[in-house]
Amino acid sequence: MLAPGSVIGILGSGQLGRMTALAAANLGYRVHVFAPDANGPAHQVCDSYTQAEYGDTDALSDFAAAVDVVTYEFENVPVTAAETLEEKVAVCPGPEALRVAQHRLREKAFAGNNGVDTAAFHRVASPADITRGLERVGLPARLKTCRLGYDGKGQIRLMGGEDPERVWSELNTDEAILEAEIPFEREVSVIVARRRDGTTCPFPVAENEHRSGILHRSVVPALAAEEVQTQAIAAATTLADALQIVGLLAVEFFVTKDGAVLFNEMAPRPHNSGHWSMDGCVTSQFEQVVRCVTDLPFGAVDVIAPTEMTNLIGDDVHAWPTFLQQPDTKLHLYGKAESRPGRKMGHINKISL
């Protein structure tokens, strides 16, 4: 157990790091952020900041010597950076969680190998693989890059009749995954906290709505049937155990009309669909990840009140004065200087009073 006053290292300087740093401060911990960019949202609220590339082994060594534990706020940190740090300081979750979660083929296979159902999928490394894959997964389908795709980026929807050569060129990658498109009824997500001793604590299931591939809102309690929620929690917990997570694992699922719960993707970190917990839960996801990596007891995850989280994307943020006038609404801004289309600038939590 790390005592208050210890230093938590965070790889990445985005808004998830910012909100984790603020939660850490409330528990008496200091935060040292490591990232290549000069002024990310987490930079504005941390105690110390190292600006360096993730491949800079000297900077990583100095960072490891300055912190007591390391976590990360996005899953595309190079695995080699986590492995370098792990030789000198505890990294939570470990590098294997990064290796699996940052590659769509690996995570789909990992889910299936651990008994969690997924949509049909096929590895693609050439235009000919697209043709073969469609014979297996059917239409419509989604062709996605294996790496660095998020918020709807790095994917193409296939309806039939597309030229495989053109599609492959447009995706501009050397490895992809072709997935059957699921005619889902709803999308849900589960965030599971896990400590070093293997104990787990799942947050209540969130029900999610996406627009243009970006999460628009999350609602808790979810409207999904109780058996669906139970199945989703069990599947997410299974994956957290299999990865030996220390921290958080967020897992997104599709729910079909007949009640099947299918794995979509996962992230070993706090998650956008967990932002509701900042105002609607006894313990926020950000406080909980701090508790896990410092080996403190779990905080309670009881719902204080039904909550609806809505992302502020691009120019949505300019309505901030209106949100402040609404007594049932809590405003969270990320400190980003410039709003752009598709950029997450903040979020609001509307609480049922």
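How each quantity is defined
Residues numbered from 1 in each chain as written. Predicted model: local features only at pLDDT ≥ 70, side-chain atom pairs only at ≥ 80, totals over all residues. Heavy atoms only, no water. Helix = DSSP H or I, 4+ residues; strand = E, 2+ residues; numbered from the N terminus. Rg over C-alpha atoms; globule rule 2.2 N^0.38 Å. Buried < 20%, exposed > 50% of the residue type's maximum accessible area, 1.4 Å probe, protein only. Contact = heavy atoms within 4.5 Å. Areas by Shrake-Rupley, 256 points an atom, 1.4 Å probe, with all protein chains shown as cover. Phe/Tyr/Trp six-rings, centres within 6.5 Å; stacked < 30°, edge-to-face > 60°. Lys NZ or Arg CZ within 6 Å of the ring centre and 35° of its normal. Pairing = 2+ DSSP bridges. Axes fitted to C-alpha atoms, helices over the stretch in contact; angles between N-to-C directions. Salt bridge = Lys/Arg side-chain N within 4 Å of Asp/Glu carboxyl O. Arc of directions from axis to C-beta.

With respect to the overall build of the protein
Right, on to step 1. Looking only at helices and strands, the protein features 11 helices and 17 strands.
Right, on to step 2. In terms of overall dimensions, the protein is globule-like: its C-alpha atoms have a radius of gyration of 20 Å, near the 20 Å expected for 353 residues.
Right, on to step 3. Seen along its three principal axes, the alpha-carbon backbone of the protein occupies a region of about 60 × 50 × 40 Å.
Right, on to step 4. Taking all 353 residues of the protein together, 54% fall into the buried category.
Right, on to step 5. At a minimum sequence separation of 6, the contacts of the protein that also span at least 24 residues come to 60%.
Right, on to step 6. Summed over its atoms, the accessible surface of the protein is roughly 15000 Å², and 48% of this surface lies on carbon and sulfur atoms.

A closer look at the packing of aromatic side chains
Right, on to step 1. Going through the model one piece at a time under the given rule, you end up with four aromatic pairs.
Right, on to step 2. Three or more aromatic residues joined by ring pairs form one cluster here, namely Phe34, Tyr54, Phe63 and Phe74.
Right, on to step 3. The ring centre of phenylalanine 298 lies 6.0 Å from the NZ or CZ of arginine 195, which sits over that ring.

Digging into the sheet that holds strand β7 (residues 155-158)
Right, on to step 1. In space, the four strands of this open sheet follow the order β5-β8-β6-β7, with antiparallel pairing throughout. Edge strands, defined here as strands with exactly one partner in the open sheet, are β5 (121-124) and β7. Each adjacent strand pair in this sheet contributes to an overall mean axis angle of 20°, direction not counted.
Right, on to step 2. Pairing analysis gives four bridges linking β5 to strand β8 (residues 176-180), with the strands arranged antiparallel. Residue pairing in the sheet places phenylalanine 121 in a bridge with glutamate 179 of β8.
Right, on to step 3. Where helix α5 (residues 104-113) meets the sheet, its contacts fall on β5, β6 (141-145), β7 and β8, and the angle it forms with β8 comes to roughly 50°.
Right, on to step 4. Relative to β5, helix α6 (residues 127-137) is tilted by about 175°, and along the sheet it contacts β5, β6, β7 and β8.

With respect to the sheet that holds strand β2 (residues 30-35)
Right, on to step 1. As summarised here, the arrangement of the four strands in space is β3-β2-β1-β4, forming an open sheet in which the pairing is parallel. Each of the sheet's edge strands pairs with one partner strand only, and the pair in question is β3 (48-51) and β4 (69-72). With strand direction ignored, the average angle separating the axes of adjacent strands in the sheet is 20°.
Right, on to step 2. Here strand β1 (residues 7-11) runs beside β2; their pairing, made up of five bridges, is parallel. Bridging across to β2, leucine 11 finds its partner in phenylalanine 34.

Describing the pattern of salt bridges
Right, on to step 1. The full count for this structure, using the stated rule, is 20 salt bridges.
Right, on to step 2. Where glutamate 338 meets arginine 340, a salt bridge forms, and the shortest distance between an N and an O atom there is 3.7 Å.
Right, on to step 3. Take glutamate 338: its relative accessible area is 46%, and that puts it in the partly exposed class.
Right, on to step 4. The partly exposed category is assigned to arginine 340, whose relative accessible area is 39%.
Right, on to step 5. Connected through shared salt-bridge partners, Glu209, Arg211, Arg217 and Glu308 make up one network.

Notes on the pairing of strand β15 (residues 307-313)
Right, on to step 1. Across the seven residues of β15, six count as buried, placing the element largely inside the fold.
Right, on to step 2. With four bridges joining them, strand β12 (residues 214-220) and β15 adopt antiparallel strand pairing. Considered in β15, the bridge of valine 220 is made with threonine 307.
Right, on to step 3. As paired strands, β15 and strand β17 (residues 344-351) are joined by seven bridges and run antiparallel to one another. Bridged to threonine 310 within β17 is isoleucine 348.

Looking at helix α3 (residues 79-86)
The α-helix winds at 3.6 residues per turn, so residues separated by three or four positions along the chain end up facing the same way.
Right, on to step 1. Those residues of α3 lying buried are Val79, Ala81, Ala82 and Leu85. The arc that holds every buried residue of α3, seen down its axis, measures 160°, which confines them to one face.
Right, on to step 2. In this fold, the buried residues of α3 make contact with β1, α2 (57-66), β4 and α4 (95-101).

With respect to unusual backbone geometry
Negative phi values dominate among residues other than glycine, just as trans dominates among peptide bonds.
Right, on to step 1. A cis amide bond links cysteine 92 to the next residue, proline 93, at an omega of -10°.
Right, on to step 2. Of note, proline 93 is situated in the loop between α3 and α4.
Right, on to step 3. That bond from leucine 139 to proline 140 is cis: its omega, -5°, falls within 30 degrees of zero.
Right, on to step 4. Within the secondary structure, proline 140 is located in the loop between α6 and β6.
Right, on to step 5. Its identity is not glycine, yet asparagine 172 carries a phi of approximately 55°, on the positive side.
Right, on to step 6. Within the secondary structure, asparagine 172 sits in the loop between α7 (164-171) and β8.
Right, on to step 7. For serine 212, which is not glycine, the phi dihedral falls at a positive 55°.

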